[in-house]
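Chain residues, written in single-letter form:
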Amino acid sequence: MPIHNADVAAIFDRVADFLEIAAANPFRIRAYRNAARTIADLPQSVAGLVAAGEDLSRLPGIGHDLAEKIAEIVATGTLGMLDELTRELPAELTDLLQVAQLGPKRVAILYRQLGISNLAELAAAARAQQIRRLKGFGEKTENKILTELQWRHREQGRIKLIRAEQVAEPLLAYLAAVPGVTRAVAAGSYRRRRETVGDLDILVTCRPASPVMERMVAYEDVAAVLGRGDTKSTVRLRDGLQVDLRVVPDECYGAALYHFTGSKEHNVAVRKIAVQKGLKINEYGIFGGEDHGRRLAGASEEEVLGAIGLPFIEPELRENQGEIEAARSGRLPELIVADDIRGDLHVHTKATDGRASLGEMVAAARELGYEYLAITEHSRAIAVAHGLDRRRLEQQLAEIDRLAEQYPDFRILKGIEVDILADGSLDLPDTVLKKLDLTVCSVHSGFNLPAARQTERIIRAMDNPHCRIIGHPTGRLINERAPYGVDMEQIMAAARERGCFLELNANPDRLDLTDHHCRLAKEFGVKVAISTDAHSVAGLANIKYGLDQARRGWLNRDDVLNTRPVSELLHLLRR
DNA sequence: GCCGTTTTCGGCCCGACTGTTTTCAGTCG
């Protein structure tokens, strides 16, 4: 059983949970949390690093002790220290921390005083009104716990960015229209454009005495008001999404936006730099002088960062994943922007499972200002999508030739999304594939192959000289289907050797590659194609989610295939 | 438990809100 980075991270997080309940040194707890995040975000496999004899204590936040613990987990699959902790405390006790209102202190009290060790016992005790009698608890807290347990039952977890947008945009418009409001923006992971959003952080600036708080809690979609203060309120919307609204004066906008955009880890690192310079950063500004009484900046994010000697850092990069060091040394990437995209390299039409005709898709692409569009239908293996065989593909190629005559200034690229079969061969013969401008080669079956075989299968597909772009390389569907087991480093190395490209599928349900994969591709020097996999005219607009993900993955224009003019693109597509 | 241009010990980011309090601990982001 191979040990994944996520396994190591989960064990360290669990250790931190137990240590918190046991009231251990808070900085020791933080060390485990930091290590968990470092490992989770590591692009390489930590088991691989151990096997290669690398010195793990060179990783940030990993010292001698944690390096040894990582080695132990990689070797045994478990951690003796965690096993000891679960002998002292019930294994399920940490589940209670997931319940809102319950932190380590209260969980410890619940366990010691009432013997509560899991969620079921918590619910029973709350219903029996035993919790309200405990010191530090009360009737309200007990009721909130009960409500929380019911909510957890119905909905939990993070929602996809696209759904968060559907909630956020009308809410922001509603707040912007409240009298006295000067700005209403979404911060948090929404602004960092993460693929999923846990809750919505909204920042509002307004003139004094604006009724914005009243209006927020009166919003038609609000199901429950969880907190209500002068500058901060928290509500839960009917669909379960939690919204935090924060109101600050206009002159604090930059500092507040910076603060609430996060990430938390990024903010901690930035504030640490401020401390080293004798300054203090909070959501109201950046402060210096005797006891930090003098306000130096705060109107804009540029001001805040400038005050500690850093250039602007794009929100998508603020994950404490090296962006601060890059900013300090003037090596921040110039991130790709929407205007850099010159065409879409993966779309479907009515010929298979798309909803628009060839002509409609081409017209829509021209409308977007593109210079080219690749038509890439499914191949015959995808019978449910009416995948093309040789004869129907040739019909479509003829249709493309006829349409192309109408558009001398636009290039319709002839392509196919050809299935990678179980043995790594492609679903159409080379004699057909060689007539095309490009191929998107995708896995649509056999998701459960062991990682080594899946990796070998995809590399074998790349051995075919007609293979150009690997479509949705991990096959994952966000919140629905796990990625198939595949060694992305091997795939990247093989792609580089063979001159292949990897797709960043921009469909908001896929976003496949991940941000980490994008950075890895950049390190390997493998170019990425940002493609929508559109099945309709509207689907072409999903390119923006691909751009978000690419920006989170530090990609600039040169790292992306479809920023090239058509002549250069065709040159790169030749193998 | 980590870390070091304050370097091997003594620090480790910051503030709002709530509920239970009688001045503040706990939770959350």
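This one's a predicted model, so the numbers in the text were calculated from it and none came from an experiment.

### Things to note about the protein's contact with DNA strand B
No. 1: Near DNA strand B, the surroundings consist of 42 residues, among which Gly63, Gly103, Arg106, Gly138 and Gly229 are the closest.
No. 2: Taken together, the elements giving at least two residues each to the surface near DNA strand B come down to helix H2 (26-41), helix H4 (64-76), helix H6 (104-114), helix H8 (139-154), strand S5 (222-228), helix H13 (264-276) and strand S8 (280-282).
No. 3: The element best represented in the surface near DNA strand B is H13, accounting for six residues.
No. 4: Class assignment of the residues belonging to the surface near DNA strand B gives a composition of eleven nonpolar, 15 polar and 16 charged.

### Here we look at the sheet that holds strand S14 (residues 438-442)
No. 1: With parallel pairing, seven strands are arranged side by side in an open sheet as S11-S12-S13-S14-S15-S16-S17. Among the strands making up the open sheet, the edge pair consists of strand S11 (343-347) and strand S17 (528-531).
No. 2: Of the pairings in the sheet, the one linking strand S13 (residues 411-419) to S14 comprises five bridges and is parallel in character. The partner of aspartate 419 across the bridge, within S14, is serine 442.
No. 3: Of the strands in this sheet, strand S12 (372-378) and S13 are in contact with helix H17 (residues 390-404), which crosses S13 at around 165°.

### Some remarks on unusual backbone geometry
No. 1: Glycine 262 connects to serine 263 through a cis peptide bond whose omega is -5°.
No. 2: Inspection of the secondary structure assignment puts serine 263 in the loop between helix H12 (253-261) and H13.
No. 3: A positive phi angle, near 55°, is found at glutamine 129, a position not held by glycine.
No. 4: Residue placement: glutamine 129 occurs in the loop between helix H7 (119-127) and H8.

### Notes on the sheet that holds S8
No. 1: The strand order S8-S9-S10 describes an open sheet built from three strands, whose pairing is antiparallel. Of all the strands in the sheet, the pair left with one neighbour each is S8 and strand S10 (294-297). Looking at each pair of strands side by side, their axes are set apart by 35° on average, direction ignored.
No. 2: Bridge analysis of strand S9 (residues 285-288) against S10 gives three bridges, and the strand direction is antiparallel. Following the sheet pairing, phenylalanine 287 is matched in S10 by arginine 295.

### Quick look at the nonpolar core
No. 1: Grouped together as the largest cluster of nonpolar side chains are 114 residues, with contacts concentrated most on Leu200, Leu373, Ala495, Val528 and Ile530.
No. 2: Leucine 373 has contacts with Gly343, Asp344, Val347, Met361, Val362, Ala365, Ile412 and Leu413, leaving out every residue within four places of it along the chain.

### Topic: the domain arrangement of chain A
No. 1: Annotation of chain A at the domain level lists domain 1 (5-154), domain 2 (159-248), domain 3 (260-328) and domain 4 (338-573).
No. 2: Here the C-alpha centre of domain 4 lies 40 Å away from the C-alpha centre of domain 3.

### Concerning the packing of helix H16 (residues 358-367) against H17
For any two helices packed against each other, one specifies the inter-axial angle together with the distance between the axes.
No. 1: Running from N to C, H16 and H17 cross one another at 45°; their axes reach a closest spacing of 11 Å. Between H16 and H17, the angle is such that the two are oblique. Pair H16 / H17 crosses with right-handed handedness. Each of Leu358, Gly359 and Val362 in H16 lies in contact with H17, whose residues at this interface are Glu399, Ile400 and Leu403.
No. 2: In the contact of H16 with H17, the residues fall into four nonpolar, one polar and one charged.

So, how was this worked out
Residues numbered from 1 in each chain as written. Chains lettered and ligands numbered in written order. Predicted model: local features only at pLDDT ≥ 70, side-chain atom pairs only at ≥ 80, totals over all residues. Near = placed C-beta within 6 Å. Helix = DSSP H or I, 4+ residues; strand = E, 2+ residues; numbered from the N terminus. Nonpolar A, V, L, I, M, F, W, Y, C, P; charged D, E, K, R; others polar. Pairing = 2+ DSSP bridges. Contact = placed C-beta atoms within 7 Å. Axes fitted to C-alpha atoms, helices over the stretch in contact; angles between N-to-C directions. Core = buried A, V, L, I, M, F, W, Y, C linked by C-beta atoms within 7 Å. Buried ≥ 20, exposed ≤ 12 C-beta atoms within 10 Å, placed from the backbone. Domains from an automatic or database assignment. Parallel < 35°, antiparallel > 145°, perpendicular 65-115°, else oblique. Left-handed = near helix turned anticlockwise from the far one by under 90°.

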